Amino acid sequence: MTLHQKPNTLQTDSFWMPFTANRQFKKAPRLFASAEGMHYTTVDGRKVIDGSAGLWCVNAGHGRRQIATAVERSLTNLDFAPSFNMGHPLAFDFAERLAEIAPKGLDRIFFTNSGSESVDTALKIALAYQRAIGQGTRTRLIGRERGYHGVGFGGMSVGGMVANRRAFATHLPGVDHIRHTHDLARNAFAKDEPEHGAELADDVERMVALHGADTIAAVIVEPVPGSTAVLPPPKGYLKRLRELCDKHGILLIFDEVITGFGRLGTPFAADYFGVTPDMMTTAKGITNGTVPCGAVFASRKIHDGLMTGPEGTIELFHGYTYSAHPTACAAGLATLDIYKDEGLLTRGASMAEYWRDALHSLKGLPNVIDIRNVGLMGAVEVAPRKEGVAARGYDVMVDCFNRGLYLRMSGDSFALSPPLIVEKSHIDDIVSILGDAIKRVA
Ligand SMILES: Cc1ncc(COP(=O)(O)O)c(C=O)c1O
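For the structure given in this document, a descriptive report is provided here. As the structure is a prediction and not an experimental result, all values here were calculated from the model.

### Points about the side chain of His426
Logical step 1: Tracing the backbone shows His426 in helix 16 (residues 424-441).
Logical step 2: By relative accessible area, which is 16% here, His426 ends up buried.
Logical step 3: The residues contacting His426, other than those within four sequence positions of it, are Met38, His39 and Ile49.

Structure below.
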């Protein structure tokens, strides 16, 4: 056993952990040592089922040798190549393969390294496009309350999770938010898309009335907000959003960082809901979580709208050193092969009903106030304790971990999104451990 596998000898001071209560965590670290298929193994040798596909990213399950082999080959063959004014074939192959599975028309691909970068890239493309087509007054960006779009200044500004915004006073100017769709009074325990709330999309009209359509460049939403604990959109909501954006010349961006790559039983949420945005932001499942990578899928209208000016001029002054990194492209291509060979981009559809019924079997347990599901996403929400939000959620999460289930908590909700290779027996395990934890702790 190497030093870093012994928690009692672990030095925890130097690593400033992201999105973690550092002082609390370091008193009793929860440490994974390895992973295979649907399971992690902890440093003390316990198997823990992965209820959240890592951080919504390990869609094909853990330990995929095909990806490891492709990464190794790529690293030894071409460790790095610039994508500024130079290129390498894997990048073009990867973009073509992504274009093949994209919703119709969204087949121009800009590579990034993360969801946050994809979001900031899409927002910048939206602004540049509006300017290029003579709509330079359209500089306003509209997000949605409870949205999560990563942690860059752009994504944070259009995001709507209070704790992610509050400490950082400086936001982008000219950003506003439409209302969120979480409505426990009307929709608690709804299955799949809730009945009530399509009219909340009309908030776009409120923004137009307040600011003027000619000041608004784009609206960005997650088709299914994930980090804010899985909020399936009300029936008809996204279609209405699309219609209103069209009516007012506003671009619509779907942040599919979580919903992309099969999460809902279709390649993208755009396919599931039958609504095509102007741009889609992705990351996570694009490489099965193995190598940092993201991509913005843009429509031809947007791409071609920016391909103007003299041929020798850079059309978009934007990009990252590691955009289309060879290792990421190799990992991504191997990931797409697995998705295709194993039918994983649509497999969720055949499991969704079992998943829904299993989750909703927890209705009636102490303090459970809502259960939500769509595709292979789901959440169980418990009432907050008097002492504060997330206290009950934290205790349930720790109890689950101790009994062999890893899941994401968001406040007092437990967000679930298993790898898409999940079998019914795994779903049974996930739901029974969570149910027991709620009974014991909540
Ligand atoms: C919808 C959405 N957008 C953006 C991001 C940010 O992605 P990253 O953490 O890779 O920057 C996330 C991360 O969870 C996300 O869920």
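### Points about the sheet that holds strand 15 (residues 413-416)
The strands that make up a sheet pair up through hydrogen bonds in the backbone, lying either parallel or antiparallel.
Logical step 1: Strand order in this open sheet of four strands is 11-12-15-14, and the pairing throughout is antiparallel. The sheet terminates laterally at strand 11 (368-374) and strand 14 (408-410), the two strands that pair on one side only. Each strand of the sheet is rotated relative to its neighbour by a mean of 20°, with strand direction disregarded.
Logical step 2: Where strand 12 (residues 377-382) meets strand 15, four bridges bridge the pair, whose relative direction is antiparallel. Looking at the pairing, Gly378 lines up with Leu416 of strand 15.
Logical step 3: In the packing of helix 14 (residues 344-360) onto the sheet, contacts are made with strand 11, strand 12 and strand 15, and the angle to strand 11 comes to roughly 180°.

### Here we look at the sheet that holds strand 3 (residues 47-50)
Logical step 1: Ordered by their spatial adjacency, four strands build an open sheet running 1-2-3-13, and the pairing between neighbours is mixed. With partners counted over all chains shown, the strands left at the sheet margins are strand 1 (32-36) and strand 13 (405-406), one partner each.
Logical step 2: Alignment of strand 3 against strand 13, held across two bridges, turns out to be parallel. Bridge pairing in strand 13 places Asp50 opposite Tyr406.

### Looking at the site of the ligand
Logical step 1: The environment of the ligand is formed by Ser114, Gly115, Ser116, Tyr148, His149, Gly150, Glu222, Ser227, Asp255, Val257, Ile258 and Lys284.
Logical step 2: Gly115 places a main-chain nitrogen or oxygen 2.9 Å from an oxygen atom of the ligand.
Logical step 3: Within the contact set of the ligand, an oxygen atom lies 2.9 Å away from a side-chain nitrogen or oxygen of Lys284.
Logical step 4: A total of 390 Å² of accessible area belongs to the ligand in isolation, and the protein chains cover 83% of it.
Logical step 5: When the residues that make up the shell around the ligand are grouped by side-chain class, the tally is three nonpolar, six polar and three charged.

### Focus: the nonpolar core
Logical step 1: Among the nonpolar cores identified, the biggest contains 97 residues, and Phe94, Leu98, Phe111, Leu241, Phe261, Phe297 and Leu434 are the most heavily contacted of them.
Logical step 2: The element best represented in this core is helix 13 (residues 326-341), accounting for nine residues.
Logical step 3: Here Leu241 is in contact with Ile178, Ala201, Val204, Val221 and Leu252, once residues within four sequence places are set aside.

### Some remarks on the pairing of strand 1
Logical step 1: Sheet analysis places strand 1 next to strand 2 (residues 39-42), joined by four bridges and oriented antiparallel. Bridge pairing in strand 2 places Ala35 opposite Tyr40.
Logical step 2: With antiparallel pairing between neighbouring strands as the criterion, strand 1 and strand 2 make up a hairpin whose turn holds two residues, including Gly37 at a positive phi of roughly 60°.

### Here's the deal with the state of the cysteines
Logical step 1: A complete count under the given rule lists zero disulfides for this structure.
Logical step 2: Cys293 carries a free sulfur, and the closest cysteine sulfur to it, the one in Cys329, is 6.3 Å from it.
Logical step 3: Judged by relative accessible area, Cys293 falls into the buried class, the value being 6%.

### Focus on the pattern of salt bridges
Logical step 1: Inspection of the entire model under this criterion finds 24 salt bridges.
Logical step 2: Residues Asp192 and Arg356 are paired through a salt bridge, measuring 3.1 Å at the closest nitrogen-oxygen approach. Placement of Asp192 in the loop between helix 8 (184-187) and helix 9 (203-211) and of Arg356 in helix 14 is noted, with a sequence separation of 164 residues between them.
Logical step 3: The shortest N-O distance in the salt bridge between Arg347 and Glu423 comes to 3.4 Å. With a gap of 76 residues between them, Arg347 in helix 14 and Glu423 in the loop between strand 15 and helix 16 connect regions that are remote in the sequence.
Logical step 4: The class for Arg347 is buried, based on a relative accessible area of 18%.

### Quick look at the environment of Phe94
Logical step 1: Tracing the backbone shows Phe94 in helix 4 (residues 89-101).
Logical step 2: Note on Phe94: relative accessible area 0%, which makes it buried.
Logical step 3: Considered as a pair, Phe94 and Val374 are 280 residues apart in the sequence and their alpha carbons are 29 Å apart.
Logical step 4: If sequence neighbours within four positions are ignored, Phe94 has contacts with Phe111, Ile286, Cys293, Ala328, Cys329, Gly332, Leu333 and Leu336.

### Focus on the packing of aromatic side chains
Logical step 1: Tallying each qualifying case throughout the model produces 11 aromatic pairs.
Logical step 2: Ring plane angle 90° and centroid distance 5.8 Å describe the contact between Phe32 and Tyr406, whose orientation is recorded as edge-to-face. Note that Phe32 is positioned in strand 1 and Tyr406 in strand 13, a separation of 374 residues in sequence.
Logical step 3: For Phe32, a relative accessible area of 33% gives the class partly exposed.

### A short note on helix 3 (residues 65-77)
Logical step 1: If you check helix 3, its first and last C-alpha atoms are 18 Å apart, about what 13 residues at 1.5 Å a residue would give, namely 18 Å.
Logical step 2: In this structure, the buried residues of helix 3 make contact with helix 13.

### Here we look at the packing of helix 3 against helix 13
Logical step 1: Across the interface, helix 3 lies against helix 13 with an axial gap of 8 Å and an inter-helix angle of 155°. In this view, helix 3 runs roughly antiparallel relative to helix 13, as classed from their interaxial angle. The interaxial crossing formed by helix 3 with helix 13 has right-handed handedness. Listed contacts from helix 13 to Gln66, Ile67, Ala70, Val71, Ser74 and Leu75 of helix 3 are Pro326, Thr327, Ala330, Ala331, Ala334, Thr335, Asp337, Ile338 and Asp341.
Logical step 2: Of the residues contributing to the contact of helix 3 with helix 13, the split by class is nine nonpolar, four polar and two charged.

Rules used in this analysis
Residues numbered from 1 in each chain as written. Predicted model: local features only at pLDDT ≥ 70, side-chain atom pairs only at ≥ 80, totals over all residues. Heavy atoms only, no water. Helix = DSSP H or I, 4+ residues; strand = E, 2+ residues; numbered from the N terminus. Buried < 20%, exposed > 50% of the residue type's maximum accessible area, 1.4 Å probe, protein only. Contact = heavy atoms within 4.5 Å. Pairing = 2+ DSSP bridges. Axes fitted to C-alpha atoms, helices over the stretch in contact; angles between N-to-C directions. Near = heavy atom within 4 Å. Polar contact = N/O pair within 3.5 Å; in protein donor to acceptor, adjacent residues only side chain to side chain. Areas by Shrake-Rupley, 256 points an atom, 1.4 Å probe, with all protein chains shown as cover. Nonpolar A, V, L, I, M, F, W, Y, C, P; charged D, E, K, R; others polar. Core = buried A, V, L, I, M, F, W, Y, C linked by side-chain atoms within 4.5 Å. Disulfide = S-S within 2.5 Å. Salt bridge = Lys/Arg side-chain N within 4 Å of Asp/Glu carboxyl O. Phe/Tyr/Trp six-rings, centres within 6.5 Å; stacked < 30°, edge-to-face > 60°. Expected span 1.5 Å × (residues − 1). Parallel < 35°, antiparallel > 145°, perpendicular 65-115°, else oblique. Left-handed = near helix turned anticlockwise from the far one by under 90°.

These figures capture arrangement, not role.
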